[in-house]
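Observations on the three-dimensional arrangement
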Amino acid sequence: QQPVQSPQAVILREGEDAVINCSSSKALYSVHWYRQKHGEAPVFLMILLKGGEQKGHEKISASFNEKKQQSSLYLTASQLSYSGTYFCGGATNKLIFGTGTLLAVQP
Amino acid sequence: DGGITQSPKYLFRKEGQNVTLSCEQNLNHDAMYWYRQDPGQGLRLIYYSQIVNDFQKGDIAEGYSVSREKKESFPLTVTSAQKNPTAFYLCASSIVKESEQFFGPGTRLTVL
């Protein structure tokens, strides 16, 4: 029921790229992506609607393959500020958050 | 300055006591949500409301209750029926149910 994210955790050096995947067993209307820093509230990154669209936000972009019910978040040239836990949210009649991916960017 | 406020930031209660967590928003959003987050885990939906005087159960509603008497306010009561209430509670709101959610700073509840 809950979207499954992979990997569970990833460690990067500054400047490296990463991909976070989100897979749902249910048909989704849209996919949300959020980032949460330790002890803080999640912050919205982007929404992807049905239609296989891609979106970008500075060096962070995402795609949504509605046929496979999968979404991927792409982080390029990572910065220290990208560290945190990334959650996808799959929207059906309500938004259900994924299991989370912990991303740590080291100098 | 618009946003969502939750109070208090830290809350301690004795086992068996009911406790109410406050959530207020001045964003004029129709939809509001309560989530529970346990260490190292994701966000689990407790209740949500799309409009005043209406709310629906989320995935883990047992032991919790809510009210939505005003558009701006969506308080959550953690009752003594909740078996393991110690957690980080997050309130969120959105313009409509499908749109991006804005989160409050959270309340960390510890039941002793």
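Now for a quick tour of the structure. Residue indices follow the written sequence of each chain, beginning from 1 at its first position. For this description, chains carry letters from A and ligands carry numbers from 1, given in the order in which they are written. With the structure being a predicted model, the display of local features is reserved for residues of pLDDT at least 70 and the display and counting of side-chain atom pairs for 80 or more, all residues being used for whole-chain, interface and lining totals. The basis for the side-chain values is all heavy atoms of the structure; hydrogens and waters are excluded.

A closer look at the nonpolar core
For this analysis, a nonpolar core means a set of buried residues of the types Ala, Val, Leu, Ile, Met, Phe, Trp, Tyr and Cys, connected via side-chain atoms within 4.5 Å. Relative accessible area decides the class of each residue, using a 1.4 Å probe on protein chains only: under 20% of the type maximum gives buried, over 50% gives exposed, and in between gives partly exposed. Among the nonpolar cores identified, the biggest contains 21 residues, and Trp33(A), Met46(A), Leu73(A), Leu75(A), Tyr82(A), Tyr86(A) and Leu103(A) are the most heavily contacted of them. For the purposes of this entry, the term helix denotes a DSSP run of H or I that reaches at least four residues, the term strand denotes a run of E that reaches at least two, and both are numbered from the N terminus. Every element with two or more residues in this core is listed here: strand 2 (9-13), strand 3 (18-23), strand 4 (30-36), strand 5 (43-49), strand 7 (60-65), strand 8 (70-75), strand 9 (84-91) and strand 11 (101-106) of chain A. Throughout, a residue-residue contact means that at least one pair of heavy atoms, one from each residue, lies within 4.5 Å. Setting aside chain neighbours within four positions, we find Leu73(A) in contact with Ala18(A), Val19(A), Ile20(A), Trp33(A), Leu45(A), Met46(A), Ile60(A), Ser61(A), Ala62(A) and Tyr86(A). Ranked by size, the runner-up nonpolar core spans 19 residues in total, among them Met32(B), Val66(B), Val78(B) and Tyr89(B).

What about the state of the cysteines?
Residue and element names in this part refer to chain A. The term disulfide is used for any two cysteine sulfur atoms that are within 2.5 Å. Under the definition given, this model contains two disulfides over all chains. Disulfide pairing is shown between Cys-22 and Cys-88; the S-S distance is 2.0 Å. The S-S bond linking Cys-22 to Cys-88 shows a torsion near 70°; that makes this disulfide right-handed. Here Cys-22 is found in strand 3, whereas its partner Cys-88 is found in strand 9, with 66 residues between them in sequence. With respect to class, Cys-22 is no different from Cys-88; both count as buried.

Quick notes on the interface of chain B and chain A
The interface of chain B with chain A comprises 20 residues on the first partner and 18 residues on the second. Summed over both partners, the accessible area (1.4 Å probe) lost when two parts come together is defined as the buried area. Of the roughly 1400 Å² buried where chain B meets chain A, counting both sides, 55% is carbon and sulfur surface. Just to be clear on terms, a salt bridge is a Lys or Arg side-chain nitrogen sitting within 4 Å of an Asp or Glu carboxyl oxygen. Put simply, chain B and chain A have one salt bridge between them. A salt bridge links Lys94(A) to Asp59(B); the nearest nitrogen and oxygen atoms lie 3.2 Å apart. Any pair of N or O atoms that falls within 3.5 Å is considered a polar contact. Within protein, one atom must be able to donate a hydrogen and the other to accept it, and sequence-neighbouring residues count only if both atoms are side-chain atoms. The interface formed by chain B and chain A contains four residue pairs in polar contact (both at pLDDT 80 or more). Those elements giving two or more residues to the side of chain B that touches chain A turn out to be strand 4 (31-37), strand 5 (43-51) and strand 9 (87-94) of chain B. For the side of chain B that touches chain A, the element with the most residues is strand 5 of chain B, which contributes three residues. Gly is placed with the polar residues, together with every amino acid not listed as nonpolar (Ala, Val, Leu, Ile, Met, Phe, Trp, Tyr, Cys and Pro) or charged (Asp, Glu, Lys and Arg). Each residue belonging to the side of chain B that touches chain A can be placed in one class, and the counts come to eight nonpolar, seven polar and five charged.

A few points about the environment of Asn93(A)
Relative to the helices and strands, Asn93(A) resides in the loop between strand 9 and strand 10 (95-97). Asn93(A) gets classed as partly exposed once you look at its relative accessible area, which sits at 44%. In sequence terms Asn93(A) and His38(A) are 55 residues apart; their C-alpha atoms lie 29 Å from each other. The contacts of Asn93(A), once residues within four sequence positions are left out, are Tyr29(A), Tyr48(B) and Lys97(B).

Some remarks on the sheet that holds strand 1 (residues 4-7) of chain B
All names here are of chain B. Any two strands between which DSSP finds at least two bridges are classified as paired. Taken in spatial order, the four strands make up an open sheet running 1-3-8-7, and their pairing is antiparallel. Two strands lie at the open edges of the sheet, namely strand 1 and strand 7 (64-66), each paired on one side alone. Averaged over all adjacent pairs, the angle separating strand axes in this sheet is 20°, with direction ignored. The pairing of strand 7 with strand 8 (residues 76-78) spans three bridges and is classified as antiparallel. In the sheet register, Ser-65 faces strand 8, and the bridge partner there is Thr-77. Between the N-to-C directions of two axes lies an angle of 0 to 180 degrees, each axis being a line fitted to C-alpha atoms and, for a helix, fitted only over the stretch in contact.

Observations concerning the pairing of strand 3 (residues 19-25) of chain B
Residues and elements named next belong to chain B. Side chains Val-19, Leu-21, Cys-23 and Gln-25 of strand 3 all project onto a buried face; the interleaved residues Thr-20, Ser-22 and Glu-24 project onto a face where none is buried. As judged from the four bridges shared by strand 1 and strand 3, these two strands associate in the antiparallel manner. Across the sheet, residue Thr-5 finds its bridge partner in strand 3, namely Glu-24. The pairing of strand 3 with strand 8 spans three bridges and is classified as antiparallel. Residue Thr-20 lies in a different strand from strand 8, and its bridge partner there is Thr-77.

In short, geometric facts, not functional conclusions.
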